Amino acid sequence: VTFRRKPKIEANEWSATMLVSTAFELRDAIDEYPSLANRVLAGDADAGERALDRAQRIAALGCAMVLRKDDIVAGTPEDISPFRAAPALLKLECALVGLTQYPPDERAQLDASELAGLLDQDDLRSWMLNVIDAADRADGS
Amino acid sequence: VSTSETYELIDAPLEPPPPGERDEPKDHFYRHVIHGVAILDAIAAEYRVLLPAWQSGSPVPRPVVLELAGTVAAVIQSALRRAEVFQSAPEAEFRPMQLIGALEQLLYSLVLLTDDPEAVGELPLAVEELDDLFEAAIIRDALADGPG
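Residues numbered from 1 in each chain as written. Chains lettered and ligands numbered in written order. Predicted model: local features only at pLDDT ≥ 70, side-chain atom pairs only at ≥ 80, totals over all residues. Heavy atoms only, no water.

A. Spatial organisation of the overall build of chain B. Along the backbone of chain B there are 9 helices and 0 strands. Helices and strands in chain B line up, N terminus first, as α-α-α-α-α-α-α-α-α. For 148 residues, the compact-globule estimate of 2.2 N^0.38 gives 15 Å, and chain B sits close to it at 16 Å. Each of the three principal axes of chain B carries a C-alpha extent, and together these read 50 × 30 × 25 Å. The buried share of chain B, reckoned over its 148 residues, is 49%. Excluding contacts between residues fewer than 6 apart, the proportion of contacts in chain B whose partners are at least 24 apart in sequence is 74%. Accessible surface for chain B amounts to roughly 6,900 Å². Of this, 55% is attributable to carbon and sulfur atoms. In chain B, 9 positive and 26 negative side-chain charges are present, and the distance between their average locations comes to 6 Å. (Helix = DSSP H or I, 4+ residues; strand = E, 2+ residues; numbered from the N terminus. Rg over C-alpha atoms; globule rule 2.2 N^0.38 Å. Buried < 20%, exposed > 50% of the residue type's maximum accessible area, 1.4 Å probe, protein only. Contact = heavy atoms within 4.5 Å. Areas by Shrake-Rupley, 256 points an atom, 1.4 Å probe, with all protein chains shown as cover. Lys, Arg positive; Asp, Glu negative; His and termini not counted. Charge placed at Lys NZ, Arg CZ, Asp CG, Glu CD.)

Okay, here's the thing in structure tokens:
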């Protein structure tokens, strides 16, 4: 599993990589989810494969967070902890796994309001944008 | 258990009903705990067989793994749609989020079994780690009491 690049922020190297990977995955999954769901529910098999690919990426992050929990806690200030994104990623994962079912699990899908609400809890939108911004600035420096 | 069968299970009223005065949030909580633990137990048994096969490079049927993951995902998503019910349950008595956490770890691990073992490495739950999840009081007690 390849995680994303690390930013120049106050976290140790591995934790920083996890942090950035989590923020980008959250953003990308939220961005892509509506079209994926529409395509799967319209019978597009390729979209089902794409949903599984996204689900696998989130699953890798989720398992890594558990396996390396102590390292993340020790290596990341609490206010930017990637664990803040865990509830939103779990809801996305359930929806994406629902898209891999035959037939797709429509009840597990997130409507527009639920999807928007993922970033409203715990000021997650600011967290995500700040981490992505820090990563982009580090890339540009 | 397919996802549609899972929903039939978790939507059906509990018989006998939960102790104390009956109300809808409490019913929702108990239905998801009792069926969630039973599903965790059943799918964990499947996982204990699938994991060593996947680790050794034997073909693991993807549709089977995805159906198991879909069942776990259905329970979690249904429970989290009323997260306040879980979060408001007495933490000291039930620790209900331990059940969601256990289902979460099983879900992620199952999804990784659909990927290449060389790419994924040791990320999925080991069998011993899975066993540890069953030490959570809410899971142990629900299994001891059985459905209802």
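B. The arrangement of the packing of aromatic side chains in detail. Counted by the stated rule, this structure contains 1 aromatic pair over all chains. Ring centres 5.5 Å apart and planes at 80° place the aromatic pair Phe29(B) and Tyr30(B) in the edge-to-face group. Classification of Tyr30(B) as buried rests on a relative accessible area of 18%. The ring of Trp14(A) carries Arg68(A) above its face, with NZ or CZ at 3.9 Å from the centroid. (Phe/Tyr/Trp six-rings, centres within 6.5 Å; stacked < 30°, edge-to-face > 60°. Lys NZ or Arg CZ within 6 Å of the ring centre and 35° of its normal.)

C. View of the interface of chain B and chain A. Listed by partner, the interface residues are 32 residues for chain B and 29 residues for chain A. Carbon and sulfur atoms supply 61% of the area that chain B and chain A bury against each other, a total of about 2,400 Å² over both sides. At the junction of chain B and chain A, the tally comes to 3 salt bridges. The partner of Arg107(A) in a salt bridge is Asp11(B), with the nearest N and O atoms 2.6 Å apart. Remark: the boundary between chain B and chain A carries 11 residue pairs in polar contact (both at pLDDT 80 or more). At the level of elements, α1 (3-11), α3 (62-80), α6 (97-112) and α7 (117-120) of chain B are the ones that each hand at least two residues to the side of chain B that touches chain A. Its residues assigned to classes, the side of chain B that touches chain A comprises 17 nonpolar, 7 polar and 8 charged. (Buried area = accessible area lost by both parts, 1.4 Å probe. Salt bridge = Lys/Arg side-chain N within 4 Å of Asp/Glu carboxyl O. Polar contact = N/O pair within 3.5 Å; in protein donor to acceptor, adjacent residues only side chain to side chain. Nonpolar A, V, L, I, M, F, W, Y, C, P; charged D, E, K, R; others polar.)

D. The packing of helix α4 (residues 86-99) of chain A against α6(B), seen in detail. The contact between α4(A) and α6(B) brings their axes to 11 Å, and the two run at 50°. As the angle between them shows, α4(A) and α6(B) are arranged oblique. Between α4(A) and α6(B) lies a crossing whose hand is left-handed. Residue-level contacts link Ala86(A), Leu89(A), Leu90(A), Glu93(A), Cys94(A) and Val97(A) of α4(A) to Ile100(B), Glu104(B), Leu107(B), Tyr108(B) and Val111(B) of α6(B). A breakdown of the residues in the contact of α4(A) with α6(B) according to their chemical character gives 9 nonpolar, no polar and 2 charged. (Axes fitted to C-alpha atoms, helices over the stretch in contact; angles between N-to-C directions. Parallel < 35°, antiparallel > 145°, perpendicular 65-115°, else oblique. Left-handed = near helix turned anticlockwise from the far one by under 90°.)

E. Fine view of the pattern of salt bridges. All names here are of chain B. Inspection of every chain in the model, using the stated rule, returns 16 salt bridges over all chains. Note that Arg82 and Glu24 form a salt bridge whose closest N and O atoms lie 3.0 Å from each other. With Arg82 in the loop between α3 and α4 (83-88) and Glu24 in helix α2 (residues 24-55), this pair connects stretches of sequence that are 58 residues apart. By relative accessible area, which is 23% here, Arg82 ends up partly exposed.

F. Structural context of the confidence of the model for chain B. In this model, chain B carries an average pLDDT of 88, and 95% of its residues clear a pLDDT of 70 or more. Here the complex is predicted with pTM 0.91, and the ipTM for its interfaces comes to 0.91. (pLDDT = per-residue confidence, 0-100.)

G. Structural context of a negative patch on the surface. Together, Glu128(B), Glu129(B), Asp132(B) and Glu135(B) give the surface a local cluster of negative charge. Relative to the elements of secondary structure, Glu129(B) occurs in helix α8 (residues 127-133). (Patch = residues over 30% accessible without salt bridge, like charges linked within 9 Å, V, L, I, M, F, W, Y side chains within 5 Å.)

H. The arrangement of the state of the cysteines in detail. All names here are of chain A. A full pass over the atoms with the stated rule returns 0 disulfides over all chains. Unpaired in this structure, Cys63 has its nearest cysteine sulfur neighbour in Cys94, at a distance of 13 Å. Judged by its relative accessible area of 6%, Cys63 falls in the buried class. On the basis of relative accessibility, which here comes to 0%, the residue Cys94 falls in the buried class. (Disulfide = S-S within 2.5 Å.)

I. Broad picture of the packing of α6(B) against helix α9 (residues 137-145) of chain B. Residues and elements named next belong to chain B. At a closest axis distance of 8 Å, the pairing of α6 and α9 adopts a crossing angle of 90°. The angle between α6 and α9 falls in the class roughly perpendicular. Packed against α6, whose contacting residues are Gln98, Leu99 and Ala102, the element α9 presents Ala137, Ile138 and Ile139 at the interface.

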